[in-house]
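Residue-level listing of the chains:
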Amino acid sequence: MSVLYCPACDTPPDPLDWRCHACGAPLELRDQPPFAPGAIHAERWSMWRYAASLGVEQRVTLGAGMTALVPLHPGDESVWVKCEYLNPTGSYKDRGTETLLSYLASRGVTSVVEESSGNAGASMAQYAAHGGLRARIFVPENAPPGKTRAIAAAAELVVVPGPRHYVNDACLAAAVDGTIYASHGWNPYWIIGQQTLAWELWEQLGAAPAAIVTPAGQGGLLLGIARGFRALHAAGIIDRLPRLYAVQPWACDPFVRAIESGAAEPEPVIAQRSAADGTLVGSPVRGAQVLAAIREVNGWAFSVAEDDLLNARDRLARRGFYVEPTSAMTLAALPRVQQHLGGADGPIVLIATGNGLKAPS
Ligand SMILES: [Zn+2]
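Conventions used here
Residues numbered from 1 in each chain as written. Predicted model: local features only at pLDDT ≥ 70, side-chain atom pairs only at ≥ 80, totals over all residues. Heavy atoms only, no water. Phe/Tyr/Trp six-rings, centres within 6.5 Å; stacked < 30°, edge-to-face > 60°. Helix = DSSP H or I, 4+ residues; strand = E, 2+ residues; numbered from the N terminus. Buried < 20%, exposed > 50% of the residue type's maximum accessible area, 1.4 Å probe, protein only. Lys NZ or Arg CZ within 6 Å of the ring centre and 35° of its normal. Salt bridge = Lys/Arg side-chain N within 4 Å of Asp/Glu carboxyl O. Donors = N, O, S within 2.8 Å, 3.2 Å for Na, K, Ca; no water. Tetrahedral: all angles 85-135°; square planar, octahedral: opposite > 155°, others 65-115°. 1 Å grid on protein atoms, 1.4 Å probe; cavity = no way out; pocket = protein on both sides within 12 Å on 5 of 7 lines; lining within 4 Å. Points joined across faces, edges and corners; volume = space filled by probe spheres on them. Pairing = 2+ DSSP bridges. Contact = heavy atoms within 4.5 Å. Axes fitted to C-alpha atoms, helices over the stretch in contact; angles between N-to-C directions.

**Examining the packing of aromatic side chains**
- Taken as a whole and judged by the stated rule, the model has 9 aromatic pairs.
- With centroids separated by 5.5 Å and ring planes inclined at 70°, the aromatic side chains of Tyr50 and Trp199 adopt a geometry described as edge-to-face. Note that Tyr50 is positioned in the loop between β2 (28-30) and β3 (69-73) and Trp199 in helix α5 (residues 188-205), a separation of 149 residues in sequence.
- Classification of Trp199 as buried rests on a relative accessible area of 1%.
- The ring of Tyr50 is capped by Arg49, whose NZ or CZ atom sits 5.9 Å from the centre of that ring.

If you want it as structure tokens, here you go:
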């Protein structure tokens, strides 16, 4: 089984720490099992077909994973849409929620708190309900109503008025007496669930794609995909790593600024309002790692204007993909991705992260 450690100071963490208790750095996992194609449970139609390569015991699942991969234009296999919005609670967050809550449940945790304005909170609420855990989800007062309804349907919704950091303060203050802060931004057990997206793409395409385009807020999805493909490469299953492209709205684009300036770490930005509410993260927890993962594979980061992402949302809907505006940023950035790739052979995959049903109109 995988083991938590602190990459910054190597102080051994407690198993339920959400960050290093000595230096405050984000924790990581070591001794993860290698990817073993022979150990795939082909009869399991969920992300747990890769259980042997995850290093976490399945405890809480609603059957995330094995989402459809569909050509953007029928008959044209150059651009694909990975329909992560078809996961059980309507977003890609479910893969990480399944590994994180499974780990916490295996440690005897029965009560969690999380802060979120959207998909992560809805995912945590519904999975905790299914797994028999108590969950309280802290949200800002301007959180999208479609998402807060999904949270309140399954868990205790706590609306925190005032500046955004009040939400964080209130959430942490509630993480006492055995209640655990189950943070999708901080906990590395969340990221390992996202590796299964890479493994599925390899199974569905029969090879690694040339490029993957994903919206980025914390960047945990991109990191998980990068680690998943690295595991395939280390196992000798693929001979190239896909190029990774992060897309952010103009309203909040710390990765784009850092990629353009060459900085090793993103400078914090103050998020402005945007319909791409899933990516409004001004200070990503693992910013340096996300930038390094993009650079390692000669990827890039692009920002998208508000009009362009709304236009792309409508274009995707007219192609049958009813996604939230955050997800549509990938299509808006596609021409720039294609130009940056310069005709590299192989398909491009757009990750459609969230369902349009939960998005504000
Ligand atoms: Zn430390």
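**Observations regarding the pattern of salt bridges**
- Inspection of every chain in the model, using the stated rule, returns 16 salt bridges.
- The closest approach of N and O atoms between Arg30 and Asp10, which form a salt bridge, is 3.7 Å. Here Arg30 is found in strand β2, whereas its partner Asp10 is found in the loop between β1 (3-5) and β2, with 20 residues between them in sequence.
- The class of Arg30 is partly exposed, set by a relative accessible area of 38%.
- Take Asp10: its relative accessible area is 48%, and that puts it in the partly exposed class.
- If you follow the salt bridges from partner to partner, you end up with Lys82, Glu84, Arg95 and Glu200 in one network.

**Quick word on the coordination of the zinc ion**
- The coordination sphere of the zinc ion contains the protein donors Cys6 (SG), Cys9 (SG), Cys20 (SG) and Cys23 (SG), at a distance range of 2.2 to 2.3 Å.
- Taken together, the 4 donor atoms coordinating the zinc ion span angles of 107 to 114° at the metal, a pattern that classifies the geometry as tetrahedral.
- In primary sequence terms, the donor set of the zinc ion follows C-x2-C-x10-C-x2-C. In this pair, Cys6 sits in the loop between β1 and β2 while Cys23 sits in the loop between β1 and β2, placing the two residues 17 residues apart along the sequence.

**Describing empty space enclosed by the protein**
- Within the structure shown, the criterion is met by 2 cavities of 30 Å³ or more.
- In this structure, the largest cavity encloses a volume near 60 Å³.
- In terms of lining, the largest cavity is formed by Ala226, Phe229, Arg230, Leu241, Pro242, Leu244, Ala293, Glu296 and Val297.
- Contributing elements (two or more residues each) for the lining of the largest cavity: α6 (220-234) and α8 (287-296).
- The element contributing the most residues to the lining of the largest cavity is α6, with 3 residues.

**Brief notes about the sheet that holds strand β6 (residues 134-140)**
- With parallel pairing, the 4 strands of this open sheet are ordered in space as β7-β6-β5-β8. Of all the strands in the sheet, the pair left with one neighbour each is β7 (156-160) and β8 (180-181).
- Here strand β5 (residues 111-115) pairs with β8 via 2 bridges, running parallel. Across the sheet, residue Val113 finds its bridge partner in β8, namely Tyr181.
- Each of β5 and β6 touches helix α2 (residues 119-131); the most contacted strand, β6, lies at about 165° to it.
- The strands that helix α4 (residues 164-174) touches are β5, β6, β7 and β8; relative to β6, the one it contacts most, it runs at about 160°.

**Describing the sheet that holds strand β11 (residues 300-304)**
- Across the sheet, 6 strands lie side by side as β3-β4-β12-β9-β10-β11; this open sheet has mixed pairing. Each of the sheet's edge strands pairs with one partner strand only, and the pair in question is β3 and β11. Between one strand axis and the next, the sheet turns through 30° on average, direction left out of account.
- Here strand β9 (residues 211-215) pairs with strand β12 (residues 348-352) via 3 bridges, running parallel. Opposite Val213, over in β12, you have Leu350 as the bridge partner.

Read these as geometric descriptors, not functional statements.
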